[in-house]
Amino acid sequence: MPYLPTLNDQATVVDVMMMTPELARPILEYHETLLRGPSPLSVAQRELIAAYVSGVNACNFCHGAHTAVAETYGVEPGLLGSLLADPALAPAEPRLRPILHYVRKLTQAPSSVRPADVQAILDAGWDEQAVHHAAHVCALFNFMNRLVEGHGIAPMRPQDNAHMAQMLHDGGYRQF
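These figures come from a predicted structure and were not determined experimentally.

Engineer: Looking at this model, I keep getting lost on the overall build of the protein chain. Mind explaining?
Structural biologist: Looking only at helices and strands, the protein chain has nine helices and zero strands in total. Listing every helix and strand of the protein chain by position from the N terminus yields α-α-α-α-α-α-α-α-α. The C-alpha radius of gyration of the protein chain comes to 16 Å, within 12% of the 16 Å expected for a compact globule of 176 residues. Seen through its C-alpha atoms, the protein chain measures out along the principal axes to roughly 50 × 30 × 30 Å. Looking at the protein chain residue by residue over its 176 residues, the buried ones come to 45%. Taking the intrachain contacts of the protein chain between residues at least 6 apart in sequence as the baseline, contacts between residues at least 24 apart amount to 67%. Accessible surface for the protein chain amounts to roughly 8700 Å². Of this, 59% is attributable to carbon and sulfur atoms. The protein chain carries 11 positive and 17 negative side-chain charges, and their two centres are separated by 4 Å.

Shown next, in the form of structure tokens:
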């Protein structure tokens, strides 16, 4: 149940954003640019990172929604659950593993990130822009997770996640 009386029981992050449209516009523009714009990381990889960070934070609303979005872009169903259960054993692409290790560490203990964490990403064949974008996606979803959790937004039903995912796949973030 949402914490604010003006939000109903089915409130989503869109409802939270619409409480202050002047704040929502730049946040949604940032989402669109970061998650759909040019990047060395594919849209699927960026959405996977968003869902993974949200899972690490136990933000079930964002984790469920962005897992569904990632799957619309071809991420294997069940991969995110495997990554959260045991990142070392999950069937993730090897090149993505150092990025996921980095964003987990950046989420759980930001001051513990070391040059070796970034070097592992570079050694896997990514460029500095990939590290930069991974850090941005991680930061954005740590922010969004706190916004959602701070308002008491409950996870959506699987069919609602699927509907939202298809909307985001087809129309991006600006539509909101």
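Engineer: Sorry, what's going on with the packing of helix α3 (residues 43-56) against helix α8 (residues 128-151) here?
Structural biologist: In a pair of packed helices, the angle between the axes and the distance between the axes together describe the arrangement. Orientation of α3 relative to α8, taken along the N-to-C sense of each, is 45°, at an axis distance of 9 Å. Considering their axes alone, α3 and α8 lie oblique with respect to each other. As for how α3 packs across α8, the hand of that crossing is right-handed. Along its contact with α3, which presents R46, I49, A50, V53 and S54, the element α8 presents A134, V137, C138, F141, N142 and N145.

Engineer: Is there a simple way to explain the pattern of salt bridges in this structure?
Structural biologist: Side chains that carry opposite charge are capable of pairing whenever their charged atoms lie near each other. Going through the model one piece at a time under the given rule, you end up with five salt bridges. Here D117 makes a salt bridge to K105, at a shortest N to O gap of 2.9 Å. One end of the pair, D117, is in helix α7 (residues 115-123); the other, K105, is in helix α6 (residues 97-108), with twelve residues separating them in the sequence. The residue D160 makes a salt bridge to R157 at a minimum N-O spacing of 2.9 Å. By relative accessible area, D160 is classed as partly exposed at 27%. When its relative accessible area of 49% is taken as the criterion, R157 is described as partly exposed.

Engineer: What is the right way to look at unusual backbone geometry in this model?
Structural biologist: Peptide bonds are, in most cases, trans, and in most cases residues other than glycine have a negative phi. One non-glycine residue with positive phi stands out, namely A58, at about 60°. Considering the arrangement of structural elements, one finds A58 in the loop between α3 and α4 (60-72).

Engineer: Please explain the environment of L168 as it appears in this structure.
Structural biologist: Structurally, L168 can be placed in helix α9 (residues 158-171). Measuring from C-alpha to C-alpha, the distance between L168 and C59 comes to 19 Å, with 109 residues separating the pair along the chain. With residues up to four places along the chain from it excluded, the contact list for L168 reads R36, V69, Y73, Y173, Q175 and F176.

Engineer: In this structure, what is going on with the packing of α6 against α8? I would like to understand it.
Structural biologist: Packing of α6 against α8 brings their axes to within 10 Å, and their N-to-C directions diverge by 40°. Between α6 and α8, the interaxial angle falls into the category oblique. The chirality of how α6 crosses α8 is right-handed. Between α6, through I99, Y102, V103, L106 and T107, and α8, the contact on the second element is made entirely by V131, A134, A135, C138 and N142. Grouping the amino acids of the contact of α6 with α8 by side-chain chemistry returns eight nonpolar, two polar and no charged.

Engineer: Before we go on, may I ask you to explain the nonpolar core in this structure?
Structural biologist: Soluble globular proteins tend to pack their nonpolar side chains together in the buried interior. Counting 54 residues, the largest nonpolar core has L48, I49, L83, I99, L100, V103 and F141 as its most contacted members. Put simply, the parts of the chain that give this core at least two residues each are α1 (13-18), α2 (21-36), α3, α4, α5 (79-85), α6, α8 and α9. In terms of residue count, α8 provides more of this core than any other element does, nine residues in total. F141 has contacts with H31, L35, A50, V53, S54, N57 and H66, leaving out every residue within four places of it along the chain.

Reading guide: rules and limits
Residues numbered from 1 in each chain as written. Predicted model: local features only at pLDDT ≥ 70, side-chain atom pairs only at ≥ 80, totals over all residues. Heavy atoms only, no water. Helix = DSSP H or I, 4+ residues; strand = E, 2+ residues; numbered from the N terminus. Rg over C-alpha atoms; globule rule 2.2 N^0.38 Å. Buried < 20%, exposed > 50% of the residue type's maximum accessible area, 1.4 Å probe, protein only. Contact = heavy atoms within 4.5 Å. Areas by Shrake-Rupley, 256 points an atom, 1.4 Å probe, with all protein chains shown as cover. Lys, Arg positive; Asp, Glu negative; His and termini not counted. Charge placed at Lys NZ, Arg CZ, Asp CG, Glu CD. Axes fitted to C-alpha atoms, helices over the stretch in contact; angles between N-to-C directions. Parallel < 35°, antiparallel > 145°, perpendicular 65-115°, else oblique. Left-handed = near helix turned anticlockwise from the far one by under 90°. Salt bridge = Lys/Arg side-chain N within 4 Å of Asp/Glu carboxyl O. Nonpolar A, V, L, I, M, F, W, Y, C, P; charged D, E, K, R; others polar. Core = buried A, V, L, I, M, F, W, Y, C linked by side-chain atoms within 4.5 Å.

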